[in-house]
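Each chain, written out:
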Amino acid sequence: MTVWNWRWLLACLVVVFWLQAGRAAETTLPSGSAPLPVALPYFPDAMHALVWRNWHAVPPERIAAVLGTSVENVAAVAESMGLPPAIPIPPEQRTRGYITVLRRNWHLLPYDQLLTLLDMSSEELAYSLREDDFLWVKLGGLKPRCAPVRYEPPGAEARRRASEIRAVVRSEFGEQMARQAEPRFEFVRRLSRPRPGGVRRDRPAKSLFALRYVYSYFALFGDPLMRPELDPYPDGLLQRLAEVGVDGVWLHVVLRNLAPGSPAFPEFGADHEIRLANLRQLVERAKRYRIGVYLYLNEPRAMPAAFFDGRPEMAGVPEGDHVAMCTSHPAVRAWIGDALTHVFTEVPDLAGVFTITASENLTNCASHGRWQQCPHCRDRSDAEIIAEVNAVIEAGVHRGNPQAKVIAWDWGWRGHGDAREIIARLPKQVWLMSVSEWSLPLRRGGVATTVGEYSISAVGPGPRATRHWSLARQAGLKTAAKVQLNNTWELSAVPYLPVMDLVAEHCHNLASAGVDGMMLSWSLGGYPSPNLEIAHRFSQTPTPGIDEVLDAVARERFGPEGASHARRAWTAMSDAFRQYPYGGGVLYRCPVQLGPSNLLHRRPTGYASTMVGLPYDDLDGWRGPYPAEVFAGQFEKVAAGWQGGIEELRAAVKKTPPELREAAEGELRVARAARLHFRSVANQARFVLHRNALAAGDRTMATPERRRHMEALRRVVEDEVALARELFTLTRQDSRIGFEASNQYYYLPLDLVEKVVNCRWVLDSYAAAEE
């Protein structure tokens, strides 16, 4: 199943889940099938687990409020398990870390206690679950049926187990627990502060890629144009992006909130003046760094069925409890065009827009392929409808600003098939953008598959993009490639992957393909990195060679003596990454994002892995098209090859001049963390295989065979302990590790300590069973 098919399935699940929730009882919060939660038998009880999971994640006062006890009692429970003293919780945790808190307590607390812990209303949480980038789906589309957790004075058995945990913590981590760590979100503060002296690099007057735009590394879900404190582009980030050659940034808007209402839709436009004023300020700030601001349009957004009570002739295809605004009606088209003309007149320096007209969200009647169910669209073609929407957007934008760019992304057109009929109908002033690596054939581990999107390990362009760009050029359109150059769902828990050879090869290929611009990231991948610097260097004319670019970037980052080691490191990690077992299920469901923080389960949980959220122990869900042994083996190949790169990178750092050392050490930490994630996926797959074999054989398995599985299982678990300990150290040194904007922190440092406690309990449990 391709990546796109996974995303389409997940979008359908969102509709089903929320349709059911809307018909369910009076609560505003969904429950799904509400199974029993996953057990955490290595903790004395749920109360101890709750204190551990939230220590250093929320203020102790909040934990005490949830448990109905005093802060002193909470601190005593934490101390009994060897946890370090309380620390100030960064203020960003409330806005930038609520998903992290929600996910870690999903199997511990019922909704009412979750709301207390999160300091949210039920309406706020319901909105986040529904709207915050598939959050309900990422949590599995179900809420485990958790009993309330209250403070009780620990009994003798609970105190005994807490003491055992404390001994494990002291033995495994020692004085590290007491050392000061970099606060979570410190990278946000660091990247937000402009460096003195302005942008440090001049941009060439002529560029091969006339467009290089990217999303914010740490943007928040919400409405930043209404809440300036959610600013996704502070000056420090704009400055650093400009220094690596970025000339555009983008943000998502809902058009009905950005422009005034119309005679047909007078209810639209609430507070649009405020949003436009804030957008104008952002555009003006970005312009100081020679960066343009682009709007992401996914329009017209479907509306609740009641919206059409007085205007049934404008109702299109229904989906769940929403209905498309039918673009076959002239009033709908007029509103879209006039609204955009207003926006681009009021904010004349806006750089442009890009559109997705067949996304997971229902927009036009053809967006989900069911236009023939609409009485107004059924006699039209999908090509006509989708091209018309883009034409209306183009006309509206260019009435306000003839110089603005309008970029039509072919995502989802005809199920990601051949879109030649749509391309032929697009206005000549539109750019055509396509995912570069789409439909690229692969064979890894002897398994043949095809790339959908979100791949750095597979170097594009692929046949679909190449074909569409050719058709676009024949139609007189400019072209753009959508790429991921920093990270992808192959691994998103580090700010960038130091696989510079792959990045350079892709950029060189795109320069040779003659595309006019690049979208450098989706909502992940916006860190101002050396990867983006490579893309910038390939935009120069004449086009430089791959070695020329990589040598220059290596010298710039590691100095003349460290550069050769850095080059060998990048090549080793790039070669290793080519072994990544790419597949839609692998990217979205395997534990690569959580890495060593994902727990080992002595017995099967029975839970299915979720979209980049909760992998559990679902090996069959993780592996996609790969046999389990091949899946584990491919990740072992990636990790082994990556280790060779790390050794070269260590050598490079040692020879890096002092003024460059801090950034070089940061790259080494990122590379080390990535290897730990890859190695851990292989370990977890091996653990499940051995666990299941032992359970299936029980006592009937021949002794040598049982001993072989037990010894292999012990080695895997011990390796997981080592990986967790190393990642604990790295995360405390570098607050970027474990973070991705739409999922926030996948894990916090104490989660790695919990993993070690979990592993020791698993080994003790097996040892007891063998006696």
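Participant: I tried to follow the overall build of the protein on my own but got confused; where do I start?
Facilitator: In terms of helices and strands, the protein carries 27 helices and 15 strands. In terms of C-alpha radius of gyration, the protein reaches 26 Å, essentially the compact-globule figure of 28 Å for 771 residues. The dimensions of the protein, computed from C-alpha atoms along their principal axes, are 75 × 65 × 55 Å. Relative to its full complement of 771 residues, the protein shows a buried share of 63%.

Participant: What should I look at first to understand the pairing of strand β6 (residues 322-325) in this one?
Facilitator: Two faces, one strand: in a regular strand the side chains alternate between the faces of the sheet. Taken together, the 2 bridges between strand β4 (residues 303-304) and β6 define a ladder with antiparallel strand orientation. Paired with Pro304 across the bridge in β6 is His322. Looking at chain direction, strand β5 (residues 315-319) and β6 are connected through 3 bridges and run antiparallel. Bridge assignment links Glu319 to a residue of β6, and that residue is His322. Between β5 and β6, which follow one another and run antiparallel, lie 2 residues, and Gly320 among them has a positive phi close to 65°.

Participant: Explain the pattern of salt bridges to me, please; I cannot follow it from the model alone.
Facilitator: Note on pairing: side chains with opposite charge can pair once their charged atoms come close. Per the counting criterion, the structure on display carries 56 salt bridges. Across the salt bridge formed by Arg414 and Asp382, the nearest N and O atoms sit 2.8 Å from each other. In this pair, Arg414 sits in the loop between β8 (405-409) and α17 (420-425) while Asp382 sits in helix α16 (residues 382-400), placing the two residues 32 residues apart along the sequence. A relative accessible area of 32% means that Arg414 is categorised as partly exposed. A salt bridge links Glu505 to Arg578; its shortest N-O distance comes to 2.9 Å. In this pair, Glu505 is assigned in helix α19 (residues 500-513) and Arg578 in the loop between α21 (546-577) and α22 (584-589), connecting sequence segments 73 residues apart. Residue classification places Arg578 among the partly exposed positions, given a relative accessible area of 31%.

Participant: Before we go on, may I ask you to explain unusual backbone geometry in this structure?
Facilitator: In terms of backbone geometry, most residues other than glycine have negative phi values and most peptide bonds are trans. The residue after Gly460, namely Pro461, is reached through a cis peptide bond having omega 5°. When you line up the elements, Pro461 lands in the loop between β11 (447-450) and α18 (463-474). Despite not being glycine, Phe185 shows a phi value in the positive range, around 70°. Phe185 sits in the buried class, given a relative accessible area of 0%. In this model, Gln744 sits at a positive phi of 60°, which is unusual for a non-glycine residue. By the secondary structure assignment, Gln744 is in strand β15 (residues 744-745). In this structure Gln744 comes out as buried when scored by relative accessible area, which is 4%.

Participant: Before we go on, may I ask you to explain helix α14 (residues 272-287) in this structure?
Facilitator: An α-helical segment advances 3.6 residues per turn. Residues three or four places apart therefore align on the same side. The end-to-end C-alpha distance of α14 is 22 Å, a good match for the 22 Å that 16 residues give at a rise of 1.5 Å each. For α14, every residue scored as buried is listed here: His272, Arg275, Leu276, Asn278, Leu279, Leu282, Val283, Arg285 and Ala286.

Participant: Honestly, the pairing of strand β10 (residues 441-444) in this entry has me stumped. Any pointers?
Facilitator: Side-chain alternation along β10 places Leu442 and Arg444 on a buried face and Pro441 and Arg443 on a face that remains uncovered. Of the pairings in the sheet, the one linking β10 to β11 comprises 4 bridges and is antiparallel in character. Its bridge partner being in β11, Arg443 is matched across the sheet by Ala448. Counting the residues in the hairpin turn of β10 and β11 gives 2 residues, including Gly445, whose phi is positive at 60°.

Participant: Help me understand the sheet that holds β6, please; the structure alone is not making it clear to me.
Facilitator: Within a sheet, neighbouring strands are paired by backbone hydrogen bonds and run either parallel or antiparallel to one another. Here we have 3 strands laid out as an open sheet, ordered β4-β6-β5, and antiparallel in their pairing. Looking at strand neighbours, the two that pair on one side only are β4 and β5, the edges of this open sheet.

Participant: Would you take a moment to explain the packing of aromatic side chains for this structure?
Facilitator: Aromatic ring pairs are defined here through the distance separating the ring centres and the angle between the ring planes. A complete count under the given rule lists 42 aromatic pairs for this structure. Judged by centre distance (4.8 Å) and plane angle (55°), the rings of Phe187 and Phe739 are tilted. Of the two residues, Phe187 is situated in helix α11 (residues 186-192) and Phe739 in strand β14 (residues 739-740); the sequence distance between them amounts to 552 residues. Classification of Phe187 by relative accessible area gives buried; the value is 1%. Classification of Phe739 by relative accessible area gives buried; the value is 3%. Through a chain of ring-to-ring contacts, the aromatic side chains of Phe185, Phe187, Tyr217, Phe218, Tyr496, Tyr527, Phe739 and Tyr745 assemble into a single cluster. Between Lys143 and the ring centre of Tyr111, over which it is positioned, the NZ or CZ distance is 5.9 Å. Of note, Arg311 hangs over the ring of Phe307, and the distance from its end group to the ring centre comes to 4.3 Å.

Participant: For this particular structure, what's the right way to read the side chain of Ser680?
Facilitator: Following the sequence through the fold, Ser680 ends up in helix α25 (residues 658-697). Since its relative accessible area comes to 0%, Ser680 is described here as buried. Only 3.0 Å separates the side chain of Ser680 from the side chain of Glu720, close enough to count as a polar contact. Not counting residues up to four positions away in its chain, the partners in contact with Ser680 are Gly595, Pro596, Glu720 and Leu723.

Participant: Could you clarify how one ought to interpret helix α4 (residues 71-80) in this entry?
Facilitator: Looking only at α4, the buried set comprises Val74, Val77 and Ala78. Taken down its axis, α4 places every buried residue within 100° of arc, on the same side. Buried positions along α4 lie against α2 (46-54) and α3 (60-67). Note on α4: the residue one or two positions beyond its end, Gly82, has a positive phi of about 85°.

Participant: Whenever I open this one, the nonpolar core confuses me. Can you help?
Facilitator: One recurring pattern in soluble globular proteins is that nonpolar side chains are buried together. Formed by 274 residues in total, the largest nonpolar core has its most connected members in Leu279, Phe354, Trp642 and Phe678. At 14 residues, α25 tops the list of elements feeding residues into this core. Excluding its chain neighbours within four sequence positions, the residues that come into contact with Trp642 are Leu497, Pro498, Val499, Met573, Ala576, Phe577, Ala671, Ala674, Arg675 and Phe678.

Participant: What's the story with the side chain of Asp734 in this structure? I'm lost.
Facilitator: Inspection of the secondary structure puts Asp734 in the loop between α26 (703-733) and β14. At a separation of 2.7 Å, a polar atom in the side chain of Asp734 contacts the side chain of Arg736. In contact with Asp734, not counting residues within four places along its chain, are Glu182, Arg184, Gly666 and Arg669.

Participant: Is there a simple way to explain the packing of α25 against α26 in this structure?
Facilitator: When two helices pack together, their arrangement is given by the angle between their axes and by how far apart the axes lie. Between α25 and α26, the shortest axis-to-axis distance is 9 Å and the interhelical angle comes to 155°. It follows that α25 is roughly antiparallel to α26 by the angle criterion. In this structure, the crossing between α25 and α26 has a hand that is left-handed. Looking at the contact of α25 with α26 residue by residue, the classes come out as 13 nonpolar, 7 polar and 10 charged.

Participant: Explain the environment of Leu730 here, please?
Facilitator: Following the sequence through the fold, Leu730 ends up in helix α26. Distance in space between the C-alpha atoms of Leu730 and Ser455 is 25 Å, their sequence separation being 275 residues. Leu730 has contacts with Arg669, Arg672, Ala673, Leu676 and Ile737, leaving out every residue within four places of it along the chain.

Participant: Sorry, what's going on with the sheet that holds strand β9 (residues 430-435) here?
Facilitator: Taken together, the 8 strands give a closed barrel; going around it, the order is β1-β2-β3-β7-β8-β9-β12-β13, and neighbouring strands pair in parallel fashion. Averaged over neighbouring strand pairs, the angle between their axes works out to 30° when direction is ignored. Pairing of strand β12 (residues 478-482) with strand β13 (residues 517-519) involves 3 bridges; the strand directions are parallel. Of the residues in β13, the one forming a bridge with Lys482 is Met519. Most of the contacts of α16 go to β8, to which it runs at about 165°, and overall it touches β3 (292-297), β7 (352-356), β8 and β9.

Criteria and cut-off values
- Residues numbered from 1 in each chain as written.
- Predicted model: local features only at pLDDT ≥ 70, side-chain atom pairs only at ≥ 80, totals over all residues.
- Heavy atoms only, no water.
- Helix = DSSP H or I, 4+ residues; strand = E, 2+ residues; numbered from the N terminus.
- Rg over C-alpha atoms; globule rule 2.2 N^0.38 Å.
- Buried < 20%, exposed > 50% of the residue type's maximum accessible area, 1.4 Å probe, protein only.
- Pairing = 2+ DSSP bridges.
- Salt bridge = Lys/Arg side-chain N within 4 Å of Asp/Glu carboxyl O.
- Expected span 1.5 Å × (residues − 1).
- Phe/Tyr/Trp six-rings, centres within 6.5 Å; stacked < 30°, edge-to-face > 60°.
- Lys NZ or Arg CZ within 6 Å of the ring centre and 35° of its normal.
- Polar contact = N/O pair within 3.5 Å; in protein donor to acceptor, adjacent residues only side chain to side chain.
- Contact = heavy atoms within 4.5 Å.
- Arc of directions from axis to C-beta.
- Core = buried A, V, L, I, M, F, W, Y, C linked by side-chain atoms within 4.5 Å.
- Axes fitted to C-alpha atoms, helices over the stretch in contact; angles between N-to-C directions.
- Parallel < 35°, antiparallel > 145°, perpendicular 65-115°, else oblique.
- Left-handed = near helix turned anticlockwise from the far one by under 90°.
- Nonpolar A, V, L, I, M, F, W, Y, C, P; charged D, E, K, R; others polar.

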